[in-house]
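# Reading the structure
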Amino acid sequence: MSTPGLDRRSLMLGAAVSVPALSLGPAHAEDYPSRPITIINPFPPGGAADVVARPFAAVVEPIIRQPMVIETKAGAAGAVGAQVAASAKPDGYTLLMHLVSISGFAEVDRLFGRKPKFTRDDFVPVARLIADPCVLIVNDQQPYKTLQEFVDDARKRPNELLFSSSGLYGALHLPMALFMKAAGLQIRHLPTNGGGPALTALVGNNAQALVSSIAAASGQMKAGKARALASFGATRAPAWPDVPTMKELGYDLEYYLWVGLFAPKGTPEPIVTKLRDVTRQAAASDAFRQAMTNLGQDVAYQDQPEFRTFWDADARHIEDAVRSIGKVEG
Amino acid sequence: MDSTLDSLLLGFSVALQPDVLLYAFVGCLVGTLVGMLPGIGPLAGISILLPATFGLDATKAIVMLAGIYYGSQYGGSTTSILMRIPGEAASVMTCIDGYAMTQKGRGGAALCIAAVGSFVAGTFGVIMLTLVAPPLGAFALRFGPPEFTALLVLGLVFLAYMSSTSLVRTLLMASVGLLLGMVGIDVMTGHFRWAFDIPELGDGIGIVPVAVGLFGLGEILSTPSRSVTTKVVSPRLRDLLPSRTEWREAAAPIARGSVLGFIIGIVPGSAHIISSFLSYALERRLAKNPEDFGRGAVAGVAGPESANNAASTGAFVPMLALGLPTGPVTAVLMAALLIHGIPPGPQLVTEHPQVFWGFVASMYVGNLMLLALNLPLVGLFVSVLRIPYAYLYPLIVMFCILGVYEVNHSIVDVWIMLIMGVAGYLLRKFDFDPAPLVLGLVIAPILEMSLRQSLVMSNGHWSIFVQRPIAAALLGLCAALLVLSALSILRRRRDWRTKLAAEEAGDAA
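The model shown is predicted, which means the values in this text are computed figures rather than measured ones.

## Overview of the overall build of chain B
Each helix and strand counted, chain B has 23 helices and two strands in total. For chain B, whose C-alpha radius of gyration is 22 Å, the value lies close to the compact-globule estimate of 23 Å for 509 residues. Seen through its principal axes, chain B has C-alpha atoms that stretch 70 × 60 × 50 Å. Burial status across chain B gives 59% buried among its 509 residues.

## Describing the interface of chain B and chain A
Opposite the 43 residues of chain B that make contact, chain A presents 43 residues. When its residues are assigned to classes, the side of chain B that touches chain A shows 26 nonpolar, 14 polar and three charged.

## Quick look at the nonpolar core
A general tendency of soluble globular proteins is for nonpolar side chains to be buried together. Counting residues in hydrophobic clusters, the biggest one holds 278 residues, and the most contacted among them are B:I62 and B:V438. Per element, the largest residue contribution to this core is 19 residues, and it comes from helix α6 (residues 107–141) of chain B. Counting the residues that make up this core, at least three belong to each of domain 1 (13–132 + 256–325) and domain 2 (133–231) of chain A. Ignoring anything within four residues of it in the chain, the contact list for B:I62 reads B:L333, B:A336, B:L337, B:V355 and B:F359.

## Notes on the environment of B:G45
Looking at the secondary structure, you find B:G45 in helix α3 (residues 42–49). As a C-alpha pair, B:G45 and B:G35 span 10 residues in sequence and 8.7 Å in three-dimensional space.

## Let's talk about the domain arrangement of chain A
Residue and element names in this part refer to chain A. Along its sequence, chain A is carved into domain 1 (13–132 + 256–325) and domain 2 (133–231). For domain 1 versus domain 2, the distance between C-alpha centres works out to 29 Å. The interface of domain 1 with domain 2 comprises 18 residues on the first partner and 14 residues on the second. Class assignment of the residues belonging to the side of domain 1 that touches domain 2 gives a composition of 11 nonpolar, six polar and one charged.

## A short note on the pairing of strand β3 (residues 94–99) of chain A
All names here are of chain A. Within β3, six of the six residues are buried, which leaves the element mostly enclosed by the surrounding structure. Burial along β3 is two-sided: T94, L96 and H98 facing one way and L95, M97 and L99 facing the other are all buried. Here strand β1 (residues 37–41) runs beside β3; their pairing, made up of three bridges, is parallel. Bridge assignment links T38 to a residue of β3, and that residue is T94. Strand direction decides the pairing type here: β3 and strand β9 (residues 256–264), joined by four bridges, are antiparallel. The partner of M97 across the bridge, within β9, is L261.

Cut-off values and rules
- Residues numbered from 1 in each chain as written.
- Chains lettered and ligands numbered in written order.
- Predicted model: local features only at pLDDT ≥ 70, side-chain atom pairs only at ≥ 80, totals over all residues.
- Helix = DSSP H or I, 4+ residues; strand = E, 2+ residues; numbered from the N terminus.
- Rg over C-alpha atoms; globule rule 2.2 N^0.38 Å.
- Buried ≥ 20, exposed ≤ 12 C-beta atoms within 10 Å, placed from the backbone.
- Contact = placed C-beta atoms within 7 Å.
- Nonpolar A, V, L, I, M, F, W, Y, C, P; charged D, E, K, R; others polar.
- Core = buried A, V, L, I, M, F, W, Y, C linked by C-beta atoms within 7 Å.
- Domains from an automatic or database assignment.
- Pairing = 2+ DSSP bridges.

Given below as structure tokens:
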């Protein structure tokens, strides 16, 4: 009967040691992480950030020997979760997995004369994990075989064709806005409430065009329900070698649905370094690679310096796209 | 036909493997539980268990997750019937007559009818899915925004049948619901409406916190002030089973609910929630004694419970045949397939027949399991009511708060639920029925979205609603229903609603 007492004592001892360690946590990067890390998923379960974050966490947990918890804080197209992360304690225990659309919120707020609730400066980029190039697809009942035919017809009939999107200023609206600006087109916008409904609208021929990620559209493309006219990647996608890039066709456009890991501003540098190390190992692991292959994705890992450069350039395009959409008269 | 049979045999050979059976059972069990817990619906249940499926193969994962989905439609009725707490949005209508039956001591019968109705509807749905999924998928695609708008207008027309109170009170509640549905970001222009700088309100007011608050909390809050507490029900077997008359009353509503629910379920765009509302209204329109509704009408339980189950199966048609989600739940299921390297799309059935047919066959088995799981538990569930209120109700309040928080991890939702609980108490005191409010809240955002999408498609011309045949037919049906009602008013026939209004006036005097 003495063993339980001993256990309790050693437990107490352990607690006494770990409490000061916890309170000093942020300063001692070698102790980090000493408790579970939370990754905020700002989109609904099964969404673009979730399907990357979960396999990522599964690979990271054995490396850091701490649980990594995905906490869904969906709302307002990703703004709610980003705001929660931006105002979290910058101690490395609350991180954010967010998409390309993180760059647009502040610009939309400025457009409406609202004080932005958070800006890009509220986050420290840790690493980019994937970057899926988008494709411009049209419904198979539409006659367009090439981007040029589509552009010609859209020019001939301004404001008659329709494109669907995941929502106003959303991740699938922005690339279309960039393309319309570059090609000087006027196409009516049919907003929906997500990537799935946007694709449904296109396949049902209620909208003629849509910019979608390759992963989301490939099922419909393979079945011949949707035809890809151009891709927004830097090079042709290996799975779709016949689809030309926007650059080949003379439009200087690149757009990826990328997913990256962020920490709140003010997270101590040693902790960020540790996170970068861990993320680098995770991204290189076979398990994570396989999980991404299943999603139809390639790991497109970028460490902090590269990612920061990429993000800065990407955000300029996004802000540009938001401004070119402007305020919509309802 | 032969090939369908062969494929189905292939499916059963997958679905009857012991480990697949086990995962189907786990899914159905978890589904029953999340359906029962107030607040936590199928979406939350599936997302919580999604990571647990990473280690499984695709068939087992989808079989288990889908089991949670249709299992929750079984479980959702339990708390609605026994405690007037909608386990999830689709079982709001069951609260009304199901709970009234419980108060009359027929709670066990209501649970049995709900379980059997769910089983019939679920099995009917799977048979339809087996036989005619591809053509139905093509039909679903013809449901664009204008058709969806027309369907929701039909829902609005049926609203008048939704309630056990007079028309004025019903419409008043519905208007409040429609107004609450206007809160949130304007999807077309991005303006915040009535959000008071609370980002969580940008997506609007959730249905689950409102339904749980108005019905469940409102009921609990009003219990202490009631002079007569419900007598402790000690169930006898005879009381648990429906009588012959009750079975007869339930048969036709179950059949109608199955067909109606399935058709609504295949329409893309969250329409499955309104299937139970529409079924309730339909049963009331067809009933010989519409005034019985709200006072424990068997058809008011049988119809909606069958409809929501058939709708959840119908929702798999566009997902499996076209690779397109009909709502948030099917979107997560598709993500689950994607995670296992199976891109959902029109070619799912040809490229991955084991997954497709295994999944379909598992639904036959799953519905049987759910019936076997739910019927014997009826006695146990009814016994829960024998727990003294002083212990039971605080527990339920706790589960409500936990469940509502878990859905979006949002404390704002919990506040909405608590405020709605107080509102539900007041409405009960003043004899207002919250069901039309919930339906208004369900319809407002999707009606607004589809109406404005339709007008974007037509560049502002309203003629789009008559040019598209399905939309025109649905709107014609609405017009016919309105004309019929107008005629009966013209003939000055005192129908059940005027009687109710007279009763209410009598009460007030």
